[in-house]
Amino acid sequence: MLNILLTRNDGFAWFQHVNIRFKGYAYGGDGSLLLPEKCLSLFESLDSFNDFERLLSSLNGIFSVVVQRENEIWLACDVCRMFPLFYSRQAGNMLIADDPDFFLPHTRVTAREEILSEFLSCGFVPGDKTLLEEVSQVRAGECVRLSLQAPPEKRYYFRYLAFQQNTVKDVLLWAKKTETVLQETADRLIRSLQGRTAVVALSGGYDSRWIVAALKLAGYPHVVCFTYGRHNSSEARLAKKVAEITGYPWHFVGYTKELIDHYLDDPLFHRYYRYAASYVSMFYMTEYFAVKWLKDNHLIPSGAVFVSGQCGDWLGGSQLRKYLTHTFAFLQSLPSVMKDSTFLYARLPSAQGKKAVAAFIKECPQGALPYSIFEDWLMKEKLSKFVTNSVCVFNFFGYEHRLPFWDKELITFFRDLPVKYKTHEVLYNKVLKEKFFAPLGLNFPDELEVSPWQVSLQWLKNKLKPLFPYPVIRKTMKKHDDVFYDEITGEMLRQLDSENIPYDAHPYWYNANIIHWYLSRIRKEALFQIYSSLK
């Protein structure tokens, strides 16, 4: 028996024609916008799973697709896994859904210590597993063929792997190419907006600033910016400057105890955390209160599209500067680097962490350059499941969103960029400042850039962090807490205390508090499920 249950139509809706279901949008080879109806027609004429893989390889966009054939089902998610898909094959039955709650009558939360400890340590479930027994997820840039007669066939149709270094050493040439691909990405973003208002989550960083600058330079008039967090934070001050210079309206949502008061008792929050976590990832609270406040106060125009700068710094090379520069024999130390960059929030046995990354390395084609395996691991795991999971808050409140730094043509360009231009975000920062910020006066003299020696110092501090007295660590955490996470996650810890549920009382990261709280909720659900089955 086959069941396909696709019910999450918040922000983006599922479209269906006969036995094909599509959600999202794509761009054609000429950069034209392909809306869902057109995308459905592209999948109609496919004769084989190989054709399915080839078509997916040619598409640029954010989407998920389900194609039903007579004896099999083909599934796929885009390169950032924006709209998760889940599947299960049990006792002659096959269920495919976008909401994992549909699996609960037939399964339960896993009791496997290996999966739970990995989730506690990194905030997501590595690989194609989930926190539900016998339920799998489609990974970023992956297509899956399912049938009742054979095991699932899984293929990556896109990987962030480089096999040889480009030998062209002309930095001016690479700068020009970077400017061109960024401009083309901005053009596609504007086409996808179709004249609607772009609501930009504007921080003090370069990524969201580039979005605003690119829209301003293109003369796009329909833009609203917002920033959130503590009053008088450095992020808010910089964001306000950018908005004033560009002339775009700007809203600041100040996070206060009154704003978050009793949020754990709010049914809306409970729907949100289940929606966002989906038994795979930690849910984020950074933008939840801001988007809710903007919507409640009618400050978001009808049909508006949220635009996020997530992961621009990663493309530029921020993760390479953190880890590659401290690796003297990168090939030999690759498993350790991958483990250290991912399993941060709770101690994980070294052998277990290396086992998880070793399985990923084994899947990589022979000849892939080690640094690109590291970047591919980040893209397929931490970025697609954890970091970009923060933007699902926009969909939850009923809005579409755009992620220009996940534009596939932009990603492909930076994948193939010589590593020396990425290690310290050299080219990325240079082009943003000179070609997009300077014409608008968006370079600020009091703005500090992180130098290589500062990166080295921070890397050393992170290594030595377990040796510091916890009061020192706690003071540092609070000092850099611009988004009110001390108070937000403090509510969660107080609830755990009231229920006598143990947790890590000395976390190095606020995310660890959210992860512990979420696991406590689903464990309570699992116990209730077992109790109900015994009645």
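What comes next concerns the included structure. Since we're looking at a predicted model, the values are computed, not measured. (Residues numbered from 1 in each chain as written. Predicted model: local features only at pLDDT ≥ 70, side-chain atom pairs only at ≥ 80, totals over all residues. Heavy atoms only, no water.)

**Things to note about the overall build of the chain**
- Looking only at helices and strands, one finds 21 helices and 16 strands in the chain.
- By its C-alpha atoms, the chain is 65 × 60 × 55 Å across when sized along the principal axes.
- Out of the 535 residues in the chain, the part that is buried amounts to 57%.
- Sequence-distant contacts, at least 24 apart, represent 73% of the contacts inside the chain between residues at least 6 apart.
- Summed over all atoms, the accessible surface of the chain reaches about 22800 Å², with 55% contributed by carbon and sulfur.
- Each charge class in the chain can be summarised by its mean position, and for the 63 positive and 58 negative side chains these summaries are 4 Å apart. (Helix = DSSP H or I, 4+ residues; strand = E, 2+ residues; numbered from the N terminus. Buried < 20%, exposed > 50% of the residue type's maximum accessible area, 1.4 Å probe, protein only. Contact = heavy atoms within 4.5 Å. Areas by Shrake-Rupley, 256 points an atom, 1.4 Å probe, with all protein chains shown as cover. Lys, Arg positive; Asp, Glu negative; His and termini not counted. Charge placed at Lys NZ, Arg CZ, Asp CG, Glu CD.)

**Focus: the pattern of salt bridges**
- Counting across every chain of the model gives 29 salt bridges.
- With its nearest N and O atoms 3.0 Å apart, the salt bridge here joins K339 to D340.
- Overall, D340 belongs to the partly exposed group, its relative accessible area being 29%. (Salt bridge = Lys/Arg side-chain N within 4 Å of Asp/Glu carboxyl O.)

**Describing helix α14 (residues 370–387)**
- At M379, α14 shows its largest kink, close to 40 degrees.
- Taking burial as the measure, the 18 residues of α14 include 18 buried ones, the bulk of the element. (Bend = angle between axes of the 7 residues up to and from the residue.)

**Let's talk about the sheet that holds strand β13 (residues 223–229)**
- The strand order across the open sheet formed by five strands is β14-β13-β12-β15-β16, and the pairing between neighbours is parallel. The sheet is open, and its two borders are formed by β14 (250–254) and β16 (400–402), each paired with just one other strand. In this sheet, adjacent strand axes meet at a mean angle of 25 degrees when their direction is disregarded.
- Contacts from helix α6 (residues 234–246) reach β13 and β14, with the element oriented near 165 degrees to β14.
- Taken strand by strand, helix α9 (residues 288–296) contacts β13, β14 and β15 (305–307), and its axis lies near 120 degrees from that of β14. (Pairing = 2+ DSSP bridges. Axes fitted to C-alpha atoms, helices over the stretch in contact; angles between N-to-C directions.)

**With respect to the nonpolar core**
- Ranked by internal contacts, the top residues of the largest apolar core, which has 175 residues, are F43, F52, L215, F269, F283 and M285.
- Tallying contributions element by element places α14 first for this core, with nine residues.
- Excluding residues within four positions of it along the chain, M285 makes contact with Y255, Y263, F269, Y272, Y485, I488, M492 and I514.
- Counting 14 residues, the second largest nonpolar core, distinct from the first, contains I73, M94, I96 and V138. (Core = buried A, V, L, I, M, F, W, Y, C linked by side-chain atoms within 4.5 Å.)

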